[in-house]
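Coordinate inspection notes
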Amino acid sequence: MRRGLAAVLSLLTGLALAAPAPASEPAPRPFARDPGVEARIDALLARMTLAEKVGQLRQGGYAVGFDVEQARSGIIGSITNPVDPYEIAKIQKAARESRLGIPILIANNVIHGFRTLFPVPLGLAATFDPDLVETASEWAGRESAAVGLHWTLAPMVDLSRDPRWGRVVEGPGEDPHLAGRMAAAQVRGFLKGGIMASLKHYAGYGAAEAGRDYNSTEIAPNTLRDLYLPPFRAGVEAGALSVMSAFNALNGTPATAHKGLIDGILKTEWRFDGFVISDWDSVWELINHGHAADFPDAARKAILAGLDVEMAGDMFKTSLAAEVEAGRVPLARLDEAVRRVLRVKVRMGLFDRPDPDPAAAAAKLFTPEAQATARAAAVGSMVLLKNRWDVLPIAPTVRRIAVVGSLADSPADHMGSWGADGRQDDAVPTLGALRARAGSAVEITYAPGCKPDCRTDEGFAEAVEAARRADLVVAVLGEPWWLTAEGTSRTRLGLPNRQQALLEAVAATGKPVVLVVLAGRPMAITWAAEHVDAILYAFSPGTMGGPAIADVLFGDAAPSGKLPMTMPRAVGQIPLYYNHLPTGRPPTGDHYSSKYIDEEVTPLYPFGFGLSYTTFAYADLKVPATVRPGDTLQVSVDVTNTGRRAGSEVVQLYVRDLVGTKSRPVKELKAFRKIALASGETRRVRLDVPVADLGFHLDDGRYVVEPGRFRIFVGGSSTATMSADFDLAAP
Ligand code: BGC
């Protein structure tokens, strides 16, 4: 694109971090403030003591033996982590008996379901199916609301390009468009189910340096706005009523006290009128960060940056009132924070609706409908990475199957981390589900090969013997649930401990081997990708994960998930992501090109990739020659199921802005649609991209959509090559 800066089309202007809002900023969604609600809050605020106000800004952590007097005395405004409906009712009753009778907001980490567990969020992202994810979140919301929860500390919308970071399991993967669609779907679903969401962790947590949890992040302001912030904005626009700040420091300022992020972008620019909560005791951590000298300094810096509620810490309790009395924290700021909390309580109906009857809760949990959705979501999340000689689905000629790997019979490892009230007794793991599906027609032998930690080879001989006697081996390997959660950063991403040796031993029998991977992150399973016959990446598929795996392996359902994160060949390639910038020396055979001398530069499997039991062909791509600012780019393509089985395809549209004021990524996902096609069926698929979405941020925070030539790629993964160009005309 050749143009002077004058020709740059500013569709949206944003704030550089901590800069004042420019006058030309177009209006985001208006505050939905209801004067009646605000008047109600005014009346309450007028009656509140300073201690009661501070109380509204404190969230207690629930543990067995929790003292309900905290709720009755009004020193906490919310609580996190209870699951038992009777305990919850007791706490709420005490809060209603407090001097002003202000009800308490009750939260939990409903990350992928409450009692019925759906696939972990990375698996939900792999469905590329926002409608399904919305329905799953609605069930999670219904179950939570039934026990008396109002609020989930989810969704986590932290983008990450680093699978060493264990928390990728809780998030949407590496792409901002996919992440934004998933964020909005979850927020809407939770709300429909009856609970509010908390977008977390604001912001940049997924870029933790070296993939080490809680580590600092360095993100250029334009990258922050192009990649890391859009999913938060999408969640705010979908109706999230709270946002949780992140543990990390962003470019040297801890997110908990980051005025530019909280006050500037979130509250001023996006006009978010819910409240911002810290992460667990992270106000106190300002001292560890070297950002605050002591408790009062920590409390003051956090609240002055715009943070409203402290989770599970004592900084506000010990210091906030004194800071206000000394005039170091304006009373108006304190009142504004309390107003935000009370506004959310009113909006969530806490003052007006009766609390749920704890005795009625049980009947609303783990219902057949919730189980059916969990099974469908698990099926939709599984990514078929390899299927040599169509070894899957399991053929009717297979009479004996050897199931190997202790994860095969472990309910907890199917359910995944952050289990809320998930129960192991509810879950049927893969082994049981395969047995149930196979009936008496197929003999299933189980030989785990090693104990869950797989540190020794003591069971290898038995597993090899079972493989030898079988027609097919199903090896269920990967990460036990505790390797994939908060605080589980890893430097090695292969199968843990002796698992690969076990896989090699059974593969050496020459029997066809199907590897089912349970994991919370992309793993570098390079040996397996070369040597086994089929790989089904199942993430942690939730309570109904076992039956869903059986559905897919036996072909009762076809896999249709696509990778939400690039899978590396080796840890040394990280960070590895599809939407990278071009380099002046793209990788070629030339020594002086951007590559490695000891490893391929390409991923093991790319973002957006996943096979089906059928094949799809793309034809007749239509892209308009020219679009104008304000238009919606309408792209259409014929997609045909060219195989013999029915299947679903995720039709993906990527854009490249060929020449820009700043170099633009080689590809950026801008639209996708999942469609089901019968064998032989062709469908014309239309994908729309608002031209306003084709821009990017400059270093000063301004958003520009630049006229010039763009290239569209359409296909079934980020390596799609079918392409066409169009021009964006100057205004
Ligand atoms: C996590 C949050 C979580 C909170 C409450 C923290 O350690 O970072 O994601 O919501 O605990 O359990």
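1. Concerning the overall build of the chain
- On a plain count of helices and strands, the chain comes out with 21 helices and 27 strands.
- Against the 2.2 N^0.38 benchmark of 27 Å for 731 residues, the chain shows a C-alpha radius of gyration of 26 Å, consistent with a compact globule.
- Overall, the C-alpha framework of the chain stretches about 75 × 65 × 45 Å when taken along its three principal axes.
- Sorting the 731 residues of the chain into buried and exposed places 60% on the buried side.
- Long-range contacts, defined here as pairs at least 24 residues apart, represent 77% of the contacts in the chain between residues at least 6 apart.
- Split by element, the accessible area of the chain, about 26,300 Å² in all, is 53% carbon and sulfur.
- When the 78 positive and 82 negative side-chain charges of the chain are each reduced to one mean point, those points stand 3 Å apart.

2. Describing the pattern of salt bridges
- One pass over the structure, following the stated rule, counts 54 salt bridges.
- A salt bridge links Asp314 to Arg58, with the nearest nitrogen and oxygen atoms 3.9 Å apart. Placement of Asp314 in the loop between β11 (310–311) and α13 (315–325) and of Arg58 in strand β2 (residues 58–61) is noted, with a sequence separation of 256 residues between them.
- The class of Asp314 is partly exposed, set by a relative accessible area of 38%.
- The salt bridge partner of Lys662 is Asp699, with a shortest N-O separation of 2.6 Å. Separated by 37 residues along the polypeptide, Lys662 in the loop between β21 (647–657) and β22 (668–677) and Asp699 in the loop between β24 (696–697) and β25 (702–705) bring together distant segments of the chain.

3. Quick look at the state of the cysteines
- One pass over the full model with this rule turns up one disulfide.
- The partner cysteine of Cys450 in its disulfide is Cys454, sulfur to sulfur 2.0 Å. In this structure, the disulfide formed by Cys450 and Cys454 twists by about -90 degrees around the S-S bond and is classed as left-handed.
- The exposure class assigned to Cys454 is buried, which follows from its relative accessible area of 1%.

4. Considerations on the site of the ligand
- In the neighbourhood of the ligand, the contacting residues comprise Asn81, Asn109, Leu153, Arg167, Lys200, His201, Met244, Phe247, Asp279, Trp280, Met311 and Glu486.
- Its free accessible area being 310 Å², the ligand has 93% of it covered by the protein chains.
- Each residue belonging to the shell around the ligand can be placed in one class, and the counts come to five nonpolar, three polar and four charged.

5. Notes on the sheet that holds strand β10 (residues 275–277)
- Here we have three strands laid out as an open sheet, ordered β6-β7-β10, and parallel in their pairing. Two strands lie at the open edges of the sheet, namely β6 (198–202) and β10, each paired on one side alone. Taken pair by pair, the neighbouring strands of this sheet meet at an average axis angle of 25 degrees, ignoring direction.
- The strands touched by helix α9 (residues 230–237) are β6 and β7 (242–245); relative to β6, the strand with the most contacts, the crossing angle is about 160 degrees.

6. As for helix α21 (residues 545–553)
- Burial analysis of α21 places nine of its nine residues in the buried class, which makes it a mostly covered element.
- Tucked into the core, α21 has its buried residues touching α15 (368–381), α16 (411–415), α17 (430–438), β15 (472–478), β16 (513–518) and β17 (534–537).
- Note on α21: the residue one or two positions beyond its end, Gly555, has a positive phi of about 80 degrees.

7. Here's the deal with the nonpolar core
- In this structure, Tyr202, Phe316, Leu503, Ile525, Ile535 and Tyr537 are the most contacted members of the largest nonpolar core, which totals 146 residues.
- Looking at this core, the element that brings in the most residues is helix α14 (residues 331–347), giving seven residues.
- Split by domain, the residues of this core number at least three in each of domain 1 (40–360) and domain 2 (394–573).
- Those residues in contact with Ile535 that sit more than four places away from it in its chain are Val383, Leu384, Leu385, Lys386, Leu515, Val517, Ile525, Ala528, Ala529 and Tyr605.
- If you look at the next biggest cluster of nonpolar residues, it comprises 35 residues, including Leu392, Val442, Leu536 and Ile549.

8. Digging into the packing of aromatic side chains
- Here the structure, examined in full by the defined rule, presents 14 aromatic pairs.
- Aromatic pair Tyr214 and Phe247: ring centres 5.2 Å apart, planes at 80 degrees, arrangement edge-to-face. Of this pair, Tyr214 sits in the loop between β6 and α8 (221–228) while Phe247 sits in the loop between β7 and β8 (249–250), and the two are 33 residues apart along the sequence.
- Connected via pairs of aromatic rings, a cluster forms that spans Phe128, Tyr578, Phe607, Tyr654 and Phe672.
- The ring of Phe672 has Arg181 sitting right over it, with the charged end atom 4.0 Å from the ring centre.
- Stacked on the ring of Trp418, the Lys or Arg Lys200 has its end atom at 5.4 Å from the ring centre.

9. Looking at the pairing of β15
- For β15, the buried fraction is high: seven of the seven residues fall into the buried class.
- Judged from the four bridges that link them, strand β13 (residues 400–404) and β15 form a sheet pairing that is parallel. For Ala402, the partnering residue across the bridge sits in β15 and is Val473.
- Strand direction decides the pairing type here: β15 and β16, joined by six bridges, are parallel. Its bridge partner being in β16, Val474 is matched across the sheet by Val514.
- On the question of chirality, the crossover connecting β15 to the parallel β16 by way of helix α19 (residues 499–507) is right-handed.

10. Describing α14
- Here α14 spans 24 Å end to end across 17 residues, near enough to the 24 Å set by a 1.5 Å rise per residue.
- Of all the 17 residues making up α14, 13 are buried; the element is thus mostly covered by neighbouring parts of the structure.

11. Here's the deal with the packing of helix α12 (residues 295–305) against α13
- Running from N to C, α12 and α13 point in directions that differ by 80 degrees, and their axes come no closer than 8 Å. In terms of orientation, α12 lies roughly perpendicular with respect to α13. Within the contact between the two elements, α12 uses Phe295, Pro296, Ala298, Ala299, Arg300, Ala302 and Ile303 and α13 uses Met315, Phe316, Thr318, Ser319, Leu320 and Glu323.
- Looking at the contact of α12 with α13, its residues break down into nine nonpolar, two polar and two charged.

12. Remarks on the environment of Val552
- Here Val552 is to be found in helix α21.
- Residue class for Val552 comes out buried when judged on its relative accessible area of 0%.
- Setting aside residues no more than four positions away along its own chain, Val552 makes contact with Val379, Met382, Pro393, Leu536, Ala557, Pro559 and Tyr613.

13. A closer look at the domain arrangement of the chain
- By the assigned domains, the chain splits into domain 1 (40–360), domain 2 (394–573) and domain 3 (616–728).
- Placing a centre on the C-alpha atoms of domain 1 and another on those of domain 3 gives a separation of 35 Å.
- If you look at the interface, domain 1 gives 12 residues, while domain 3 gives 13 residues.
- When the buried surface of domain 1 facing domain 3 is broken down by residue, Phe128, His177 and Asn222 rank first, second and third, together holding 47% of it.
- Where domain 1 touches domain 3, the interface holds zero salt bridges.
- Inspection of the domain 1/domain 3 interface yields four residue pairs in polar contact (both at pLDDT 80 or more).
- Broken down by secondary-structure element, the contributors of at least two residues to the side of domain 1 that touches domain 3 are α7 (176–193) and α8.
- Tallied by class, residues from the side of domain 1 that touches domain 3 come to four nonpolar, three polar and five charged.

14. Focus on the packing of α15 against α21
- Viewed as axis vectors pointing N to C, α15 and α21 meet at an angle of 50 degrees, and their least axial separation amounts to 8 Å. Here α15 lies oblique to α21, going by the angle between them. Note that α15 runs across α21; the crossing there is right-handed. Every residue of α21 that contacts α15 at Arg375, Ala378 and Val379 is listed here: Gly545, Pro547, Ala548, Asp551 and Val552.
- Across the contact of α15 with α21, the residue classes break down as five nonpolar, one polar and two charged.

Cut-offs applied
- Along each chain, residue indices are assigned from 1 in the same order as the chain's sequence is written.
- Totals for whole chains, interfaces and linings use every residue, but because this is a predicted model, local features are given only for residues with pLDDT of at least 70 and side-chain atom pairs only at 80 or more, for both listing and counting.
- Heavy atoms from the whole structure form the basis of all side-chain values; hydrogens and water molecules are not counted.
- Counting from the N terminus, the helices are DSSP H or I runs at least four residues long and the strands are E runs at least two residues long.
- Only C-alpha atoms enter the radius of gyration; for comparison, a globular chain is expected to reach 2.2 Å times N to the power 0.38, where N is the number of residues.
- Burial status follows relative accessibility: with a 1.4 Å probe on protein chains alone, a residue under 20% of its type maximum counts as buried, one over 50% as exposed, and anything between as partly exposed.
- Contact between two residues is taken to exist if any of their heavy atoms lie within 4.5 Å; hydrogens are not considered.
- Each accessible area is a Shrake-Rupley result for a 1.4 Å probe, and residues are judged covered by the shown protein chains and nothing else.
- Counting rule applied: Lys, Arg positive; Asp, Glu negative; His and chain ends not counted.
- Taken as the charge location is NZ of Lys, CZ of Arg, CG of Asp or CD of Glu.
- Salt bridge, as applied in this entry: a Lys or Arg side-chain nitrogen positioned within 4 Å of an Asp or Glu carboxyl oxygen.
- In plain terms, two cysteine sulfur atoms within 2.5 Å form what is called a disulfide here.
- The rule for a residue being near a molecule or strand is that one of its heavy atoms must lie within 4 Å of it.
- Each residue gets one of three labels, nonpolar for Ala, Val, Leu, Ile, Met, Phe, Trp, Tyr, Cys and Pro, charged for Asp, Glu, Lys and Arg, and polar for the others, Gly among them.
- Pairs of strands are assigned from DSSP output, requiring at least two bridges between the strands.
- To obtain an axis, a line is fitted to C-alpha atoms, over the contacting stretch when the element is a helix, and the angle between two such axes runs from 0 to 180 degrees between their N-to-C directions.
- What is meant by a nonpolar core is a set of buried Ala, Val, Leu, Ile, Met, Phe, Trp, Tyr and Cys residues, joined one to another through side-chain atoms within 4.5 Å.
- The domain limits used here are those given by an automatic or database domain assignment.
- By convention, a stacked pair of Phe, Tyr or Trp rings (six-membered ring in the case of Trp) has centres within 6.5 Å and planes under 30 degrees apart, an edge-to-face pair has planes over 60 apart, and any other such pair is tilted.
- Whether a charge lies above a ring is judged from NZ of Lys or CZ of Arg, which has to be within 6 Å of the ring centre and within 35 degrees of the ring normal.
- Seen with its strands pointing away from the viewer, a crossover is right-handed when the path leading from the first strand over the helix to the second is clockwise.
- Expected helix span is taken as 1.5 Å per residue step, with the number of steps being one fewer than the number of residues.
- An angle below 35 degrees is treated as roughly parallel, one above 145 as roughly antiparallel, one from 65 to 115 as roughly perpendicular, and anything else as oblique.
- The quantity reported as buried area is the accessible area (1.4 Å probe) lost by two parts once they are put together, taken as the sum for both.
- Nitrogen and oxygen atoms within 3.5 Å of one another constitute a polar contact, given that in protein one can donate a hydrogen and the other can accept it, and given that sequence-neighbouring residues count only through two side-chain atoms.
- The handedness criterion is simple: a crossing whose near helix is rotated anticlockwise from the far helix by less than a right angle is left-handed, and one whose near helix is rotated clockwise is right-handed.

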